[in-house]
Amino acid sequence: MTKQLKTYTLHNYKSIPQIANLSDEMIEAIEVVGRVLPFKTNNYVIDELIDWTQIDDDPIFTLTFPRKGMLEKKHYNAVKKLLDQGADQATLNKKVHEIRMELNPNPAGQEHNVPEMNNIKLKGVQHKYSETVLFFPSQGQTCHAYCSFCFRWPQFSGMSNLKFAMKETSLLAQYLLRNNRVTDVLFTGGDPMTMSTQVLASYINVLLRSEFRNIHTIRIGTKALSYWPYRFTKDKDSKELLKLFEQIIKAGKNLAIQAHFNHPAELKTFEVQHAIKQIRATGAQIRTQSPLLKNINDKPEIWAEMWRKQVDLGCIPYYMFVARDTGSKRYFELPLDKCWDIFRKAYRQVSGLCRTVRGPSMSCEPGKIQVLGVQEVKGEKVYVLRFLQGRNAKWVDIPFFAKYDPEATWFDQLEPAFGEEKFFFEKGRKKPKANEILFE
Ligand SMILES: *Cc1c(COP(=O)(O)O)cnc(C)c1O
Ligand code: SF4
């Protein structure tokens, strides 16, 4: 019994029966914001996850549907004006492109992570931390639905020169053979679980060969457990998918599914719980991660409930991220001290088994920086920070300090504390040129 995926975008969302009950204002917001930010949802999200009786603040509606506040007023009004005037497609596209370019479509210097081999840019690869290579298989650069806060959004909106995708594995394979410190290959996207099992297997099987014994772990980043759990239970090739997982483990590799969940509502359906059981039965582990998002999960109770539920289901809480500085960030962002406050108030009320989670963490150009807290040191209020991952591994786990700023929402808004001119890791450091990757 297969389950048919029905996707809805700006072109056909009016055929969703529940849409008839939305206010004119909400429809207008979908029409306007949906031109600029990618919009796609599906029948599982609509029928099983969204609570249509409280749509004004339903977290899952906010997760996939465009809402008015997601664009700045001036951008919103500019698009609305063109739509009202019945402007032609070219005029509209031009404006939309202009606005998108103002929304920092490629945050955190991701172009610095694309390695080069024999003067060929490995476009589908990012290598930033020595142990882990990110691989963007070209067929996996889409998702079952699109998150309204997504930082990969240029990949979905046709801004394709920013796309990190690779057609073949042979370059990846050569790269891995030359870089034998890599232990983890993380398949990411988009969502690699949008690929058929056959395509996914063609990428993975290469890595199971004996010459890749340095690769200990295959990781797959996915939102399919939340947006399309049938991928693991009722799709026509879900049995083969589970078999592929078993083969990975049989080959002696660790398989870690990095599942993206933003709210406990995504964990409550029979389907997701069934899918989690099926995945775990293959021997794979499931680690969970999410950004912290205003209007979706900005309360400690939500996180505590989510981590508890995940642990109940046999998943391992892994990361809490600070919302990235891109796209509709304004709608979702929270000051860093608020992020930390939510984290610690959630963390302190859960068992040690949930406290495998690390955060709040910012993935920025120099590395993954965790906000350890706010503290007063000799009369100066400061942020205490540390690297969880660093472009230079020597930076990891050294506490450092930034001047407290109640409004800062991202690392680049912070300044060193105690009147220092630079953070410790900036001293004598040249920022890498594009394609330059240094592991010391
Ligand atoms: C987060 C991240 C990884 C994986 O880091 P882990 O801490 O090992 O999970 C790898 N590469 C990039 C670019 C990342 O942002
Ligand atoms: S699942 Fe991930 S990649 Fe896909 S839209 Fe959501 S945040 Fe973006």
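What comes next concerns the included structure.

We now examine the overall build of the chain. Across its full length, the chain carries 14 helices and 15 strands. By the compact-globule yardstick of 22 Å for 440 residues, the chain fits well, its C-alpha radius of gyration being 22 Å. Across its three principal directions, the C-alpha atoms of the chain cover 55 × 55 × 50 Å. Within the chain, buried positions represent 57% of all 440 residues. Long-range contacts, defined here as pairs at least 24 residues apart, represent 73% of the contacts in the chain between residues at least 6 apart. Surface summary for the chain: the accessible area is close to 19,600 Å², and the carbon and sulfur share equals 48%. Each charge sign in the chain was given a centre, from 63 positive and 49 negative side chains, and these centres are 5 Å apart.

Structurally, the position occupied by V133 is in strand β6 (residues 132-135). Setting aside anything within four residues of it in sequence, one finds V133 in contact with V125, Q126, H127, L172, Y175, L176, V182, D184, V185 and L186.

Taken together, K128, Y129, T132, L134, R219, Y318, Y319, K368 and Q389 make up all the residues around ligand 1. Here an oxygen atom of ligand 1 and a side-chain polar atom of Y318 are 2.7 Å apart. Here Q389 contributes a side-chain N or O atom positioned 3.0 Å from an oxygen atom of ligand 1. For ligand 1, whose accessible area on its own is 390 Å², the fraction buried by protein is 87%. Broken down by secondary-structure element, the contributors of at least two residues to the shell around ligand 1 are β5 (125-129), β6 and β11 (316-322). Across the shell around ligand 1, the residue classes break down as four nonpolar, two polar and three charged.

Attention now moves to the sheet that holds strand β12 (residues 358-364). Taken in spatial order, the eleven strands make up an open sheet running β5-β6-β7-β8-β9-β10-β11-β12-β13-β14-β15, and their pairing is mixed. Looking at which strands have only one partner, the edges of the open sheet turn out to be β5 and β15 (400-403). Between one strand and the next, the sheet's axes are offset by a mean angle of 30°, whatever the strand orientation. Pairing of β12 with strand β13 (residues 367-377) involves four bridges; the strand directions are antiparallel. Pairing of S363 across the sheet is with K368, part of β13.

Next up on the list: the pairing of strand β14 (residues 380-390). In this sheet, β14 lies alongside β13 in antiparallel orientation, the contact comprising ten bridges. Paired with V377 across the bridge in β14 is E380. Pairing analysis gives four bridges linking β14 to β15, with the strands arranged antiparallel. Its bridge partner lying in β15, Y383 is registered against A402.

With respect to spatial proximity, nine residues lie near ligand 2, and among them C143, C147, C150, K223 and H260 are the closest. In terms of residue class, the shell around ligand 2 is built from six nonpolar, two polar and one charged.

Quick look at the side chain of K253 now. For K253, the location among the structural elements is in the loop between α10 (238-250) and β9 (254-260). For the buried K253, no salt bridge exists, and the shortest N-O distance to an oppositely charged side chain is 9.3 Å, to E211. Separated by 3.0 Å, the side chain of K253 and the backbone oxygen of F212 make a polar contact. Here the side chain of K253 touches I215 through a polar contact of 2.8 Å, landing on its backbone oxygen. Not counting chain neighbours up to four residues away, the residues in contact with K253 comprise L207, L208, F212, R213, I215, H216 and I248.

Further remarks concern the side chain of N297. Within the secondary structure, N297 is located in the loop between β10 (285-292) and α12 (300-312). A relative accessible area of 0% means that N297 is categorised as buried. In terms of polar contacts, N297 uses its side chain to reach the backbone carbonyl oxygen of P291, at 3.0 Å. Within the structure, the side chain of N297 is placed 2.6 Å from the backbone nitrogen of L293, a separation counted as a polar contact. N297 has contacts with N262, S290, P291, L292, I302 and W303, leaving out every residue within four places of it along the chain.

For the rest of this paragraph, the subject is the packing of helix α1 (residues 24-36) against helix α4 (residues 73-84). Helix-helix packing: each pair is described by the crossing angle between the helix axes and the interaxial distance. Between α1 and α4, the least distance of the axes is 9 Å, while the angle of their chain directions is 105°. Accordingly, the angle class assigned to the pair α1 and α4 is roughly perpendicular. Across the interface between the two elements, E28, A29, E31, V32, V33, R35 and V36 of α1 pack against Y76, V79, K80 and L83 of α4. Split by residue class, the contact of α1 with α4 holds seven nonpolar, no polar and four charged.

Looking at the secondary structure, you find A281 in helix α11 (residues 270-281). Distance from A281 to R386, taken between C-alpha atoms, is 36 Å for residues 105 residues apart in sequence.

So, about helix α14 (residues 336-347). Here α14 spans 16 Å end to end across twelve residues, near enough to the 16 Å set by a 1.5 Å rise per residue. Of all the residues in α14, the buried ones are L336, D337, C339, W340, D341, I342, F343 and A346.

A word on unusual backbone geometry. A cis geometry characterises the amide bond from G189 onward to G190, with omega recorded as 15°. Along the chain, the position of G190 falls in the loop between β7 (184-187) and α8 (197-207). Omega for the peptide link from G359 to P360 comes to -15°, which places this bond in the cis form. Positionally, P360 belongs in strand β12. In this structure, K378 is a non-glycine residue whose phi angle is positive, near 45°. With respect to the helices and strands, the residue K378 is situated in the loop between β13 and β14. Looking at K378, the relative accessible area reads 87%, which means it is exposed.

Cut-off values and rules
- Residues numbered from 1 in each chain as written.
- Chains lettered and ligands numbered in written order.
- Predicted model: local features only at pLDDT ≥ 70, side-chain atom pairs only at ≥ 80, totals over all residues.
- Heavy atoms only, no water.
- Helix = DSSP H or I, 4+ residues; strand = E, 2+ residues; numbered from the N terminus.
- Rg over C-alpha atoms; globule rule 2.2 N^0.38 Å.
- Buried < 20%, exposed > 50% of the residue type's maximum accessible area, 1.4 Å probe, protein only.
- Contact = heavy atoms within 4.5 Å.
- Areas by Shrake-Rupley, 256 points an atom, 1.4 Å probe, with all protein chains shown as cover.
- Lys, Arg positive; Asp, Glu negative; His and termini not counted.
- Charge placed at Lys NZ, Arg CZ, Asp CG, Glu CD.
- Near = heavy atom within 4 Å.
- Polar contact = N/O pair within 3.5 Å; in protein donor to acceptor, adjacent residues only side chain to side chain.
- Nonpolar A, V, L, I, M, F, W, Y, C, P; charged D, E, K, R; others polar.
- Pairing = 2+ DSSP bridges.
- Axes fitted to C-alpha atoms, helices over the stretch in contact; angles between N-to-C directions.
- Salt bridge = Lys/Arg side-chain N within 4 Å of Asp/Glu carboxyl O.
- Parallel < 35°, antiparallel > 145°, perpendicular 65-115°, else oblique.
- Expected span 1.5 Å × (residues − 1).

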